[in-house]
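Per-entry structural report
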Amino acid sequence: MAMKKAVFTVVFATLAAVAAASGAAAEAPRYTMTPTPDGVLRLDTQTGAMSHCLVRNAHWVCESVADDRLALQEEIDRLTRENSRLKQRAEPTAQRPAPPPASSTPASSFLDSFAGELKVLRGYIERVFRDVRELASRLLEEPEPRQL
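As the structure is a prediction and not an experimental result, all values here were calculated from the model.

Moving on, we come to the environment of Val-40. Relative to the assigned elements, Val-40 resides in strand S2 (residues 39-44). Of the residues examined, Val-40 reaches a relative accessible area of 17% and is grouped as buried. Separated by eleven residues in the primary sequence, Val-40 and Ser-51 have C-alpha atoms spaced 8.4 Å apart. Leaving out residues up to four positions away in the same chain, Val-40 has contacts with Met-33, Thr-34, Pro-35, Ser-51, His-52, Cys-53 and Trp-60.

Turning our attention to the packing of aromatic side chains. A complete count under the given rule lists zero aromatic pairs for this structure. The positively charged end of Arg-42 is found above the aromatic ring belonging to Tyr-31, 4.8 Å away from the centroid.

Moving on, we come to the pattern of salt bridges. Considering all chains together, one arrives at five salt bridges under this definition. Between Glu-75 and Arg-78 there is a salt bridge, with its nearest N and O atoms 2.7 Å apart. Of this pair, Glu-75 and Arg-78 both sit in helix H2 (residues 68-90), three residues apart, roughly one helical turn. Take Arg-78: its relative accessible area is 36%, and that puts it in the partly exposed class. As a salt-bridge pair, Glu-126 and Arg-122 come within 3.0 Å of each other at their nearest N and O atoms. Here Glu-126 pairs with Arg-122, and both are found in helix H3 (residues 106-141), just four residues apart, close to one helical turn.

Cut-offs applied
- Residues numbered from 1 in each chain as written.
- Predicted model: local features only at pLDDT ≥ 70, side-chain atom pairs only at ≥ 80, totals over all residues.
- Heavy atoms only, no water.
- Helix = DSSP H or I, 4+ residues; strand = E, 2+ residues; numbered from the N terminus.
- Buried < 20%, exposed > 50% of the residue type's maximum accessible area, 1.4 Å probe, protein only.
- Contact = heavy atoms within 4.5 Å.
- Phe/Tyr/Trp six-rings, centres within 6.5 Å; stacked < 30°, edge-to-face > 60°.
- Lys NZ or Arg CZ within 6 Å of the ring centre and 35° of its normal.
- Salt bridge = Lys/Arg side-chain N within 4 Å of Asp/Glu carboxyl O.

Next comes the structure, spelled out in structure tokens:
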């Protein structure tokens, strides 16, 4: 039961960070803290990294919370870069398409950049909600331990 509380605390802290990031990124604090039974869960709202902080020997100690998605995303990014590099090497120079012409107005450049950032944010939010749904379904399927 305590594990479920901790998992739900992590999930809600993550959702709170996503909501804060989508609302007003400039006004949002760098870290959000959520109390746990033995310390605090710290979420870095800029990177998404999570740490569990507690007092040891009269000093606060924060330990990184393992995140498998981060390692997988880094591997996907590495493979994507390698794939692009290999495709460029395989293509003859003459067949490469010319780069698109630069935008003449700063406003259209800004709008293109903003639209790209919105797509990235939307993708991030969709991944978070998908992960929350999967986590909740796994927790609901898990049988409660019997107490003797």
